[in-house]
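Inside the fold
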Amino acid sequence: SPIPKDEYNGLIFTSRNSAEILQTREWKPDNADIPAFCVGEKTQKSVKALGFANTHVANGGGAALANLIGEMNLKGSKFLYFSTPDRSFDMESALNSYDISVDTIDTYQVNPVTPAHQQIIQAVTKVSGACVFVYSALSGKHLAHILETINLTSMLKDCTLIGISRQAVEPLEHIDWKEVLISSQPDEIQMIALLN
């Protein structure tokens, strides 16, 4: 869909996917100095590659970013949020509580892909005794469906499940894992730190 041309006080990116989609569309900001607020350094790097000079980053997901924006005393501001229809955090409501309005534009859609049964069996066999990382509620739900459809849940009892959030692991918690660990912040570095 076309990107609105309204005057905004800032832009919001909670995923590098949005920035990368905008890059493929060869989109550049009209004003490179407009504040661009990002979740995580990877997103910030992709947003800078679009040409933004004034970026702010928060680690800890959409809630941490909303808090960062809210603490900047930007009452009456209007933001454009580049997102996906599958978002798990309500940025509009969070910022409305700070008297900041948000227009959301969906720039990408995640479509789960189901590999062939043999590929799944090989992958599960390889991770035996290792860790399985789940980065979103959608991927957790899709993985649970795949594992149940092929009846592979019993092969994971020696594996540790590491989730980026409680929502991400919920669809998989009924499986008999060696251990289920949840990152203290929705951040890949925090997930990897759980390995120690």
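Our subject in this report is the structure included herewith. Nothing here was measured: the structure is a model prediction, and the numbers come from that model.

The rules behind each value
Residues numbered from 1 in each chain as written. Predicted model: local features only at pLDDT ≥ 70, side-chain atom pairs only at ≥ 80, totals over all residues. Heavy atoms only, no water. Buried < 20%, exposed > 50% of the residue type's maximum accessible area, 1.4 Å probe, protein only. Helix = DSSP H or I, 4+ residues; strand = E, 2+ residues; numbered from the N terminus. Arc of directions from axis to C-beta. Core = buried A, V, L, I, M, F, W, Y, C linked by side-chain atoms within 4.5 Å. Contact = heavy atoms within 4.5 Å. Axes fitted to C-alpha atoms, helices over the stretch in contact; angles between N-to-C directions. Parallel < 35°, antiparallel > 145°, perpendicular 65-115°, else oblique. Left-handed = near helix turned anticlockwise from the far one by under 90°. Pairing = 2+ DSSP bridges. Right-handed = clockwise from strand over helix to strand, strands pointing away. Nonpolar A, V, L, I, M, F, W, Y, C, P; charged D, E, K, R; others polar.

1. Observations concerning helix α2 (residues 41–49)
Those residues of α2 that fall on the buried side of the exposure criterion are T43, Q44, S46 and V47. Along the axis of α2, the buried positions cluster into a sector of 165°, meaning they face one direction only. G51 sits one or two positions beyond α2 and adopts a positive phi of about 115°.

2. Structural notes on the nonpolar core
Counting residues in hydrophobic clusters, the biggest one holds 21 residues, and the most contacted among them are L147, L156, L161, L172 and W177. Those elements that provide at least two residues to this core are α5 (117–126), β6 (131–134), α6 (137–150), β7 (160–163) and α7 (166–169). The element contributing the most residues to this core is α6, with four residues. Residues contacting L172, with those up to four places away along its chain left out, are V134, G140, L143, A144, L147, L161 and W177. The next biggest cluster of nonpolar side chains, apart from the first, holds 15 residues, and it includes Y8, L11, A36 and F52.

3. Structural notes on the packing of helix α1 (residues 16–24) against α2
Contact geometry for α1 and α2: axes closest at 8 Å, N-to-C directions at 20°. Between α1 and α2, the crossing angle belongs to the class labelled roughly parallel. Crossing geometry of α1 relative to α2 is assigned as left-handed. When α1 is examined against α2, the residues R16, A19, E20 and Q23 are found in contact with a partner set consisting of K42, T43, S46, V47 and A49.

4. With respect to the pairing of strand β1 (residues 10–13)
Neither face of β1 is left uncovered, since the one carrying G10 and I12 and the one carrying L11 and F13 both have all their residues buried. Pairing between β1 and strand β4 (residues 78–83): four bridges, direction parallel. By the bridge assignment, I12 is partnered in β4 with Y81. Relative to strand β2 (residues 36–39), β1 runs parallel, the two sharing three bridges. Among the inter-strand pairings, F13 is bridged to a residue of β2, identified as C38. What joins β1 to β2 is α1, and the crossover it makes is right-handed.

5. Here's the deal with the packing of α5 against α6
Orientation of α5 relative to α6, taken along the N-to-C sense of each, is 100°, at an axis distance of 11 Å. One way to sum up the angle between α5 and α6 is to call them roughly perpendicular. Between α5, through H117, I120, I121 and V124, and α6, the contact on the second element is made entirely by I146, L147 and I150. In the contact of α5 with α6, the residues fall into six nonpolar, one polar and no charged.

6. A word on the sheet that holds strand β5 (residues 101–106)
One open sheet holds the five strands; their spatial order is β3-β2-β1-β4-β5, and the pairing between them is parallel. Looking at the sheet topology across the chains shown, the edges are occupied by β3 (55–58) and β5. The sheet shows a mean angle of 25° between the axes of neighbouring strands, taken without regard to direction. Strand contacts of helix α3 (residues 61–70): β1, β2, β3 and β4, with the helix running at about 150° to β2, the strand carrying the most contacts.

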